[in-house]
Amino acid sequence: MANRYKTILLFGAPGAGKGTQGKILGKIPGFFHQACGDVFRALDMTSDLGKKFVEYSSKGLLVPDDLTIEMWRSNINAQTVLSLYKPHEDLLVLDGIPRNVAQAKAMEEYIEVLEVIHLVCPDLDKMVARMRRRALKENRIDDADERVIRRRFEVYDRETKPVLEYYEASLIKNVDAMGSPSSVLQHVLEVVVPVQDGHFKNPLSGV
Ligand code: ADP
């Protein structure tokens, strides 16, 4: 248990901006961003796992937990072997995983969750609009259809939201996700910088 990856979770409904914030954080020395959806989308879609991903995500459903955790484990392992992610130097920023309580439990063995950034976006219409824009820009099949988007919100409410109760309340930091990316970033940094400073050396000076 001592060697678990020191981790921050980016948490929030589809369209809340986890990917946007995660990608920015991942550019800062000392942070490593890993988005589960991106790992899935990078699969060979003709492979067995790729086909499973298309089967579930095109309906707005979660991919089964055993496949997801196995894929996550081999991906983070590969990132470590390649030294893209350095567990002793980098804070791991996970986005899109764990996505239900079973995944949170299965990951206990591998990650030490230092904080959960909950991007709060109460305006459903705004999130749906964001997802539609993204679907056009990124050619995402799962967000092109309004019914699939609605299903994704139902799945979030039913399966993903309970993850917030799984972690200790003191770890949950609510951040208003309705502002511009830079203002959301400002609030996210207020929360994550002390965590990084408290657990890691300065990644550039080493002290
Ligand atoms: P968003 O950023 O819009 O929340 P993602 O890119 O994270 O969406 O996920 C897209 C799809 O990939 C999900 O709808 C789901 O089918 C699948 N997926 C991603 N992460 C997980 C996960 N942790 N468990 C199961 N399925 C997942």
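So, here is what we can say about the structure in this document.

1. Focus: the overall build of the protein
If you tally the helices and strands in the protein, you get nine helices and five strands. Counting from the amino terminus, the protein carries its helices and strands in the arrangement β-α-β-α-α-α-β-α-β-α-α-α-β-α. In terms of overall size, the protein behaves like a compact globule, its C-alpha atoms giving a radius of gyration of 17 Å where 207 residues would be expected to give roughly 17 Å. Once the C-alpha set of the protein is aligned to its principal axes, its extents read approximately 50 × 40 × 30 Å. Taking all 207 residues of the protein together, 43% fall into the buried category.

2. Some thoughts on the side chain of Asp95
Take Asp95: it is sitting in strand S3 (residues 91-95). One buried charged residue, Asp95, forms no salt bridge at all, with the nearest opposite charge on Lys18 at 5.1 Å. A polar side-chain atom of Asp95 sits 3.0 Å from a polar atom in the side chain of His33. Residues contacting Asp95, with those up to four places away along its chain left out, are Leu10, Lys18, Gly19, His33, Gln34, Ala35 and Cys36.

3. Remarks on a nonpolar patch on the surface
On the surface, Met45, Val54 and Ile141 cluster together into a nonpolar patch covering about 230 Å² of accessible area. Along the chain, Val54 falls in helix H3 (residues 48-57). On the accessibility criterion, Val54 (30% relative accessible area) is partly exposed.

4. Focus: the nonpolar core
Judged by nonpolar contacts, the single largest core of 53 residues is most densely connected at Ile111 and Ile117. For Ile117, the contacting residues outside a window of four places in its chain are Ile8, Leu9, Leu10, Phe11, Lys173, Val175, Val188, Val191 and Val192.

Rules behind the numbers
- Residues numbered from 1 in each chain as written.
- Predicted model: local features only at pLDDT ≥ 70, side-chain atom pairs only at ≥ 80, totals over all residues.
- Heavy atoms only, no water.
- Helix = DSSP H or I, 4+ residues; strand = E, 2+ residues; numbered from the N terminus.
- Rg over C-alpha atoms; globule rule 2.2 N^0.38 Å.
- Buried < 20%, exposed > 50% of the residue type's maximum accessible area, 1.4 Å probe, protein only.
- Lys, Arg positive; Asp, Glu negative; His and termini not counted.
- Salt bridge = Lys/Arg side-chain N within 4 Å of Asp/Glu carboxyl O.
- Polar contact = N/O pair within 3.5 Å; in protein donor to acceptor, adjacent residues only side chain to side chain.
- Contact = heavy atoms within 4.5 Å.
- Patch = residues over 30% accessible without salt bridge, like charges linked within 9 Å, V, L, I, M, F, W, Y side chains within 5 Å.
- Areas by Shrake-Rupley, 256 points an atom, 1.4 Å probe, with all protein chains shown as cover.
- Core = buried A, V, L, I, M, F, W, Y, C linked by side-chain atoms within 4.5 Å.

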